[in-house]
Amino acid sequence: MSLEDELLKQRLNRIREIEALGYRPYGRRYEFTSTIPEILAEHGAQTAEELSPEVRLRVAGRLMTLRHMGKAGFAHLQQNGERLQIYVKKDAVGERDFQLFKMLDMGDIVGVEGYLFRTRTGELSIHAEKLEFLSKTLLSMPEKWHGLEDVEIRYRQRYLDLIANPEVRKVFVTRARIIAVLRRELEARGFIEVETPMMQPLYGGATARPFVTHHNTLDIDLYLRIAPELYLKRLIVGGLERVYEINRNFRNEGLSKQHNPEFTMLEFYQAYTDYRGLMDLSAELLARVAMEATGSGVVEYLGHKLDFTRIERFSMREAVMRFWEGEGCPTVEDVSDPAWLRLHSDKATTGEALADIFERHVEAKLIQPTIIFDYPVETSPLSKNKPEEPAFVERFEIYAAGMEIGNAYTELNDPQEQRRRFEMQFAMRERGDEEAHQMDEDYVRALAYAMPPTGGEGIGIDRLTMILTGARSIRDVILFPLLRPEGPIGLADQLRQFDQP
RNA sequence: GGGCGCGUAGCUCAAUUGGCAGAGCAACUGACUCUUAAUCAGUAGGUUGAAGGUUCGAUUCCUUCCGCGCUCACCA
């Protein structure tokens, strides 16, 4: 019999022993008086004297350490990522509860009733007077002081990661707070949250390859959305003048430290503003989110201090000049000169060449939060042209730590121009660009009912969370990142082998 | 998809030039009524990711496959 089988058998035997003592191996409702973090917050600084008269409590949690000493013992209970020690003395809990205590395994979930005290070494602890058994672990916990380090297990079995690595819990608590702050700030500005289709007959709003699925009854293929954009703007047409959506987008692309096939995007649209208005709003939102998520508008990320309180702004052409490194730094004339652009990129048009040069020479250097504005029209099929410079559009992206975290523009609301853009995209598609936009005729029809001038923006929640939590990989901010399927686990077979009616 | 690297006990990791697979934690037995990486004495635990090859002998060298990581390409 393998070690794993023996361990499982021991634990299953122990369930019967626990039952024989008169406890349920999988307990019921347990009324605790406060959570462990609450107890630590309230009493963590109190001296032994201040803990009298007795503070009586009922707490529940997972057993994370266990130290037996004959007729007494210590253990730590963990709840909501924090630990409180319990002291179990035979004289205090009685014969039956002490028998139970001796049977406990690390990872078991128990309830403890008793009073707070300080041990000889000063640690706040509960002097147990009554134990309740709440749930049995059959598998052993990760190693106690290295924690769980195997990256694959951390992602596949995130529950173990969350039990063993308290900082992981903090990342996801921060992620939740980031989203909550964004919702609150947008609501405060009159935005309403909406939900638009994830399954779409046409995909659009971004350049990416989609996932395809199928609806049986209608017998049609549908695409998992690559962006909600075109639906949100239909709502602007309909008079929902400030809308936002925080939800998943799906892009059938490669995986990397900055890319997961499903990722969370905030998109918001505001009627009667433009990209300048959104720059100001973005700066306010980001500063506020950074402050509330980390306690400061200046955030440390992988050795850099990122200042979200003053976000610099450059046009794409300025950025190419400013961040160019090495020989041949371009001049103002160069960055607008088709010959110079063609010389430094093999892209088909001057606009695509500029964007290409920007991506290769500048993007990775944008460590400080930075807004880059005025994009070439070729790369922006849904943005409005700059009136004085029709080859460019009123668009900006937000960069931080070398990553693109936001994208915004003055929305194109001229249906005739939108039709031309779709047809231009179609031509790019004919030339082999699989990611070029499809024609969405209903969207053109919506614009034909008149959409107010509008600014729209998307912010990548995962990447923003990476920066605000110090995560190197997008997988560290997504609870269950996409991995290859694991294959047979074998636990069901093991359990069946030891199942006794 | 390409390149590089990793995979050893439940967990974290060793193993010299190719020469008897090991430690700590976890587990099990026992001692211990203020410990906290508790301590002390003892016990058990391995298809070295999988399959094949070279060799007297493979954790070690070779091939293929599986999984993961890094990186490049693509993308946000």
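Residues numbered from 1 in each chain as written. Chains lettered and ligands numbered in written order. Predicted model: local features only at pLDDT ≥ 70, side-chain atom pairs only at ≥ 80, totals over all residues. Heavy atoms only, no water.

## As for the side chain of Ser282
We count it as follows: Segments assigned H or I by DSSP are reported as helices when at least four residues long, segments assigned E as strands when at least two residues long, and all are numbered from the N terminus. The definition of a polar contact used here is a pair of N or O atoms within 3.5 Å, where within protein one atom must be able to donate a hydrogen and the other to accept one, and adjacent residues in sequence count solely through side-chain atom pairs. Two residues form a contact once any of their heavy atoms are found within 4.5 Å.
Structurally, Ser282 is set in helix 8 (residues 275-294). At a separation of 2.6 Å, a polar atom in the side chain of Ser282 contacts the main-chain carbonyl oxygen of Leu278. With sequence-adjacent residues up to four places away left out, Ser282 is seen in contact with Phe396, Ile398 and Glu457.

## Comments concerning the pattern of salt bridges
Defined as follows: Here, a salt bridge means any side-chain nitrogen of Lys or Arg that lies within 4 Å of a carboxyl oxygen of Asp or Glu. Between buried and exposed lies partly exposed: a residue is buried under 20% and exposed over 50% of the maximum accessible area for its type, with that area taken using a 1.4 Å probe on protein chains only.
Across all of its chains, the model carries 40 salt bridges by this definition. Residue Asp108 is joined to Lys136 by a salt bridge in which the shortest nitrogen-to-oxygen separation is 2.7 Å. One end of the pair, Asp108, is in the loop between helix 3 (90-103) and strand 4 (109-118); the other, Lys136, is in the loop between strand 5 (124-135) and helix 4 (151-156), with 28 residues separating them in the sequence. As far as the burial class goes, Asp108 and Lys136 line up, both buried. Residue Arg310 is joined to Asp307 by a salt bridge in which the shortest nitrogen-to-oxygen separation is 3.5 Å. The exposure class assigned to Asp307 is buried, which follows from its relative accessible area of 15%.

## Re helix 6 (residues 166-188)
This is how the line gets drawn: A helix is expected to reach a length of 1.5 Å times the quantity of its residues less one.
In a regular helix each residue adds 1.5 Å, so 23 residues correspond to 33 Å; helix 6 covers 33 Å between its end C-alpha atoms and thus fits that length. Buried within helix 6 are the following residues: Val168, Val171, Phe172, Thr174, Arg175, Ile178, Ile179, Val181, Leu182, Glu185 and Leu186. Where helix 6 is buried, its residues meet helix 4, helix 5 (158-164), strand 10 (242-250), strand 11 (262-271), helix 8 and helix 14 (461-469). At the exit of helix 6 stands Gly190, carrying a positive phi of roughly 90°.

## Here we look at the sheet that holds strand 8 (residues 212-215)
Let me state the cut-off plainly: Between any two strands, pairing holds if DSSP finds at least two bridges.
As summarised here, the arrangement of the three strands in space is 7-9-8, forming an open sheet in which the pairing is antiparallel. Sheet topology places strand 7 (199-200) and strand 8 at the edges, where each strand pairs with a single neighbour. One ladder, built from four bridges, connects strand 8 with strand 9 (residues 220-224); its direction is antiparallel. Across the sheet, the residue bridging to Val212 is Tyr223, located in strand 9.

## A few points about the environment of Gln438
Of note, Gln438 is situated in the loop between helix 12 (415-430) and helix 13 (441-448). The buried category is assigned to Gln438, whose relative accessible area is 17%. Along the chain, Gln438 and Phe211 lie 227 residues apart, while their C-alpha atoms are 15 Å from each other. Here Tyr203 takes part through its backbone nitrogen, which lies 3.1 Å from a polar atom of the side chain of Gln438.

## Quick look at the confidence of the model for chain A
Note the following rule: Known as pLDDT, the predictor's per-residue confidence is scaled from 0 to 100.
Averaged over all residues, the pLDDT of chain A is 92; the fraction at 70 or higher stands at 99%. Within chain A, strand 6 (residues 192-193) carries the highest mean pLDDT (98), whereas helix 15 (residues 491-497) carries the lowest (82). Across the assembled chains, the prediction reports ipTM 0.87 with pTM 0.93.

## Describing the protein's contact with RNA strand B
Keep this limit in mind: It suffices for a single heavy atom of a residue to lie within 4 Å of a molecule or strand for the residue to be listed as near it. Residue classes follow a fixed rule: Ala, Val, Leu, Ile, Met, Phe, Trp, Tyr, Cys and Pro count as nonpolar, while Asp, Glu, Lys and Arg count as charged, and any other residue, Gly among them, counts as polar.
Taken together, 48 residues lie around RNA strand B, and Thr121, Lys144, Trp145, His259 and Arg475 are the ones closest in. When atoms of RNA strand B within 4 Å of the protein are split into backbone and base, the sugar-phosphate part holds 58%. Those elements that provide at least two residues to the surface near RNA strand B are helix 1 (3-20), strand 1 (56-69), strand 2 (72-79), strand 3 (82-89) and helix 4. Its residues assigned to classes, the surface near RNA strand B shows 12 nonpolar, 15 polar and 21 charged.

## Here's the deal with unusual backbone geometry
Cis geometry marks the peptide bond from Ser52 to Pro53, where omega comes out at 5°. Here Pro53 shows up in the loop between helix 2 (36-43) and strand 1. A positive phi angle, close to 70°, is found at Tyr272, a residue other than glycine. Mapping Tyr272 onto the fold places it in the loop between strand 11 and helix 8. Of note, Leu302 is a non-glycine position whose phi angle comes to about 50°, a positive value. Topologically, Leu302 is positioned in the loop between strand 12 (298-301) and strand 13 (304-307).

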